[in-house]
Amino acid sequence: MKKTTLLSSLSLFLTFLTNIYSNSLNFDDTLKKRPYIYNPEYRSSNTLIIDILHTNLHVKPIWDSSILIGKAEIYAKPYFYSTDKFFLNARGMRINKVTLQDKSSKTSIPFNYTYENDSIKFFLKKSITPAQTIVITIEYVAQPEKIKVGGSAAIQSDKGLYFINPKGEIPGKMPQIWTQGETQSNSVWFPTVDSPNEKMTHDIFITVNKKYTTLSNGLLVESIINKDGTKTDHWKMDLPHAPYLVMMGIGEFKKVTDKPWKGKEISYYVEPAYEPYAKAIFGNTSKMIEFYSKKLGVDFPWPKYSQIICRDYVSGAMENTSATLHGEFLYQTDRDTVGGVKAEDVIAHELFHQWFGDLVTCESWSNLPLNESFATYGEYLWEEYFNGRDAADEHHYFSGKGYLVNKPDKNPPLIRFFYDNREEMFDNISYNKGGQVLHMLRKLVGDDAFFQSLKLYLTQNKFKPVEINHLRLAFEETTGQDLNWFFNQWFFYGGHPYLKIEKNYDEKNKILSITIKQTQPIEYPIYRLPVYVDIYTSKSVDRKWIDITQVEQTFTFSINEKPLLVNFDAERQLLAEISYTKTIEEYMYQFEHAPLWMDRYEAITQLAEQLKKSENETITNFLINKGLNDKYAGIRINVIDHLKSKISSHPVLQNKLIEMAQNDPSPSVRSEALRNLSSIKSDKITELYLNALNKEYSSDIISAALFGLNEVDKNKAIEYAIKFEKDKSKRIIIAIAQIYADNGSEKYWDFFKTHLTTFTGFETFSYIGMLNKYIKNLNHSGTAITIAKTLNEHYNHAEKVSKFAYKQTLLNLSKIWSEKEKNLKDAINKNIQNNEPTQNLEDQLRTVSETVNKIKEITNNL
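Quick look at the structure, then. Keep in mind the model is a prediction, meaning the values are calculated, not measured.

**Remarks on the packing of aromatic side chains**
Under the counting rule described, the total for this entry stands at 57 aromatic pairs. Residues Trp 63 and Tyr 212 carry aromatic rings whose centres are separated by 4.7 Å and whose planes lie at 20° to one another, so their mutual orientation is stacked. Within this pair, whereas Trp 63 is found in the loop between strand S1 (50–62) and strand S2 (67–78), its partner Tyr 212 is found in the loop between strand S10 (200–209) and strand S11 (213–216), the two being separated by 149 residues in sequence. A network of ring pairs unites the aromatic residues Phe 291, Tyr 292, Phe 300, Tyr 305, Phe 352, Trp 355, Phe 356, Phe 374, Trp 382, Tyr 385, Phe 386 and Tyr 457 as a single cluster. Here the basic side chain of Arg 543 rests over the ring of Tyr 532, its NZ or CZ set 5.1 Å away from the ring centre. Lying over the aromatic face of Tyr 795, Lys 803 brings its terminal NZ or CZ to 4.4 Å of the ring centre.

Structure follows, in structure tokens:
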């Protein structure tokens, strides 16, 4: 059969989209009957008029004023057609000088230009041809603090260039500069064609005080010390990539170099306090690169791989080519990495982007899943390889839940040519759903074909922009199959299947019937779903392949005895909402005999649901004896969580958890057991916590023991909190903050103040939650005023998320002291009515009222 071409596939798809959207666009009836109508709201790939070949950037940041002085030399040519006009993106700049020159003849090219709407528009006296390379030189000043800032839930700001604590006004926060280019923000700090379908090479010359370390894409080829005490670092990127992937990082970072991979530098840039822990955080990077390179059949393509952790980052992490930037949530100590690096899925995600997103880049934001769905699935691949399939399936399941539980009301398709803002593409459809779809594609074609197809896709399209049909054609070329049906239903339509499964065994005729009904909303497709069904009997496990293609479909199998279990979707591959009722006995059998994490997790979850409805000692004992002894730590933790309401009244469970808290091989399980034993007030439990604090090293366990000890013996908890005060682990800091918050003494304010800069972004909320509790229990007016002054100062310099947290805390502080004032007034009035003395209360009121007024004065800028 002849394959559908890219153009005809797009035409068919646009026809489908036109049918969907025609009503909302008020097309008249005649137009609606036509087979195709151009929809002006269609988000096409950006038309390339001019093609940037190479950019030389000379930049010098001015810290005090948060600006960057720059000079760009842009080598470009018409993309295909001769042209006498073109434009460059340049957001919020002050343009000082622009020249235009023919590269070959070095002669000036007559032109005029305008700078408006964040674009430099060039009007030439004579057209230039694609055979002609021009050099555009622009001297400019980047002014990120003056631009109108936008953003989204995924990327909170589009300012592009960020000066963090540039004047050093906030103690404990290292001044630094970093950039964030995605989606169209790098044009804040250098002029370019800021589009994902553009590719260029570049040299960046960064001039800074010589005390600073710099990082950018490619290799540092030269560092020149200047006479004025500055240095100029020359970073060369000689492989083409998209402009949004260009990056720059500056600060007093410590560079930690790991063992090279095939001669390529592997390095990590961290603040001095975390230099001893850099290899603990990033130490698996070389293994990841080796694994991905072998799995894909395509070696890591870039000249080096660096990772940097920056303060106040506006997203999670960013896959800048050869130089990934992470938010500070990734900072952890060697205590934190006992039992595994936290957020290693983020490290894997960004590294996989170096192939999917950087080497091969989506040509438009409509095709973003070609970047983000793959990076999300890269997380699964690393977990599967490094931690085993149970860990991978657990991670994959909760990623899928992130889509199913929070799916948008309209549930648009993965590949979206209609959206209001490109930032909307960075959602749980492009990430979570996309990763699930790629997993189903892998299961459909098999591992060998899946990875061979990816190798072909990467090899054919390296250093190029792509759309979804490039991926489909690579799979079709590899497998010989027509896969339009799969790509249409999963990439071009929104939604997912809703399945109702019913089974029946005919004892007389020895026939097992399985009926599957697709009950999803009418706007979703009727899906084709090839899956496996495992049929368990006393004699064997038989795997059956079925191909679901109808709204309702029944499959029959000859089975000599009534099955003990019929396990639908035995590979647990489907992204679907499935209703399938089983008996308690079937779930118990499934837990003990079905092989996958999801089999056991589903069984445990359903048995626990039965336990919520009514007491059942058989289920309780099964969970204790089987669930708490599962081979995988994640299942054991899950069972502890399900049984926590029974701990205080179930001696067998108590003893089991005490044993697990001491001897389980997983630090995560030991900490979970400790955390759930605090409801038991006994010397034995107190001793358990003290032993953990004295003997364990994991921060998970130390923090759990501190939390628990605070429940059973607050004096001992204070004693041990003081011992751990200097520890850098954020988990331990939070546990100490909980203990001090409960106490409410003014002497603990210095601890809270010290760690205000330890937590930023969304991490701030957990710490601020403890601070709010401390404020509520605090009765010292002088400390309250000091807190208001300190938080107000941090509020004025904080990034968006922390600013919100500080604001809420300041308002809460004001409210608490206003309530104290009101309560004292009420108490005075009551004493007056009862002819009781009021002098002491009036003295208190004066102090409290003064405190209220000072707090309001401090916070009047909120």
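**A closer look at the pattern of salt bridges**
In this structure the tally under the stated criterion is 51 salt bridges. Between Glu 602 and Lys 582 there is a salt bridge, and its shortest N-O distance comes to 3.1 Å. Taken together, the residues span a long stretch of sequence, with Glu 602 in helix H13 (residues 597–613) and Lys 582 in the loop between strand S28 (577–579) and helix H12 (584–593) at a distance of 20 residues. Lys 582 matches Glu 602 in its accessibility class, with the two residues each being buried. Its salt-bridge partner being Arg 731, residue Asp 700 comes within 3.2 Å of it at the nearest N-O pair. One end of the pair, Asp 700, is in helix H19 (residues 699–712); the other, Arg 731, is in helix H21 (residues 730–743), with 31 residues separating them in the sequence.

**Thoughts on the pairing of strand S27 (residues 565–568)**
Within a regular strand, side chains alternate between the sheet's two faces. Alternating residues of S27 divide into Leu 565 and Asn 567 and Val 566 and Phe 568, and every residue in both groups is buried. Two elements, strand S24 (residues 529–536) and S27, share four bridges in a ladder whose sense is antiparallel. In the sheet register, Asp 534 faces S27, and the bridge partner there is Asn 567.

**Structural notes on the sheet that holds strand S25 (residues 541–548)**
The three strands are arranged S25-S24-S27 in an open sheet whose pairing can be described as antiparallel. What marks the edges here is a single partner per strand, and that holds for S25 and S27. Here the average twist between neighbouring strands, direction ignored, is 20°. Direction of pairing for S24 relative to S25: antiparallel, over a ladder of eight bridges. Bridging across to S25, Val 531 finds its partner in Ile 546.

**A closer look at the side chain of Glu 271**
In this fold, Glu 271 is placed in the loop between strand S16 (264–270) and helix H3 (278–282). Overall, Glu 271 belongs to the buried group, its relative accessible area being 6%. Side chain to side chain, Glu 271 and Arg 311 meet in a polar contact 2.7 Å long. Not counting residues within four places of it along the chain, the set of residues in contact with Glu 271 comprises Met 174, Gln 176, Phe 253, Arg 311 and Tyr 331.

**Notes on helix H23 (residues 763–777)**
Each α-helix turn comprises 3.6 residues. Residues three or four places apart therefore point the same way. Given a rise of 1.5 Å per residue, 15 residues ought to cover 21 Å, and the 23 Å separating the end C-alpha atoms of H23 matches this to within 8%. Taken as a whole, H23 has its buried residues at Thr 764, Tyr 767, Ile 768, Met 770, Leu 771, Asn 772, Tyr 774 and Ile 775. In this structure, the buried side of H23 is in contact with H19, H21, helix H22 (749–754), helix H24 (781–797) and helix H25 (800–833).

**Some details on H24**
Along its 17 residues, H24 runs 25 Å from first to last C-alpha, staying within 8% of the 24 Å computed at 1.5 Å per residue. Among the residues of H24, those classed as buried are Ser 781, Thr 783, Ala 784, Ile 785, Ile 787, Ala 788, Thr 790, Leu 791, Asn 792, His 794 and Tyr 795. The secondary structure elements touched by the buried residues of H24 are H22, H23, H25 and helix H26 (839–858).

**A few points about the sheet that holds strand S17 (residues 304–310)**
Across the sheet, five strands lie side by side as S15-S16-S17-S19-S18; this open sheet has mixed pairing. On the outer flanks of this sheet lie strand S15 (254–261) and strand S18 (317–318), each paired with one strand and no other. Of the pairings in the sheet, the one linking S16 to S17 comprises five bridges and is parallel in character. Within the sheet, the bridge partner assigned to Ile 266 lies in S17 and is Tyr 305. Against the sheet, helix H4 (residues 285–296) contacts S15, S16 and S17, and its axis sits at roughly 40° relative to S15. With respect to the sheet, helix H5 (residues 344–353) is in contact with S17, S18 and strand S19 (323–327), its orientation differing from that of S19 by roughly 150°.

The rules behind the values
Residues numbered from 1 in each chain as written. Predicted model: local features only at pLDDT ≥ 70, side-chain atom pairs only at ≥ 80, totals over all residues. Heavy atoms only, no water. Phe/Tyr/Trp six-rings, centres within 6.5 Å; stacked < 30°, edge-to-face > 60°. Helix = DSSP H or I, 4+ residues; strand = E, 2+ residues; numbered from the N terminus. Lys NZ or Arg CZ within 6 Å of the ring centre and 35° of its normal. Salt bridge = Lys/Arg side-chain N within 4 Å of Asp/Glu carboxyl O. Buried < 20%, exposed > 50% of the residue type's maximum accessible area, 1.4 Å probe, protein only. Pairing = 2+ DSSP bridges. Axes fitted to C-alpha atoms, helices over the stretch in contact; angles between N-to-C directions. Polar contact = N/O pair within 3.5 Å; in protein donor to acceptor, adjacent residues only side chain to side chain. Contact = heavy atoms within 4.5 Å. Expected span 1.5 Å × (residues − 1).

Don't take any of this as a statement about function, it's just geometry.
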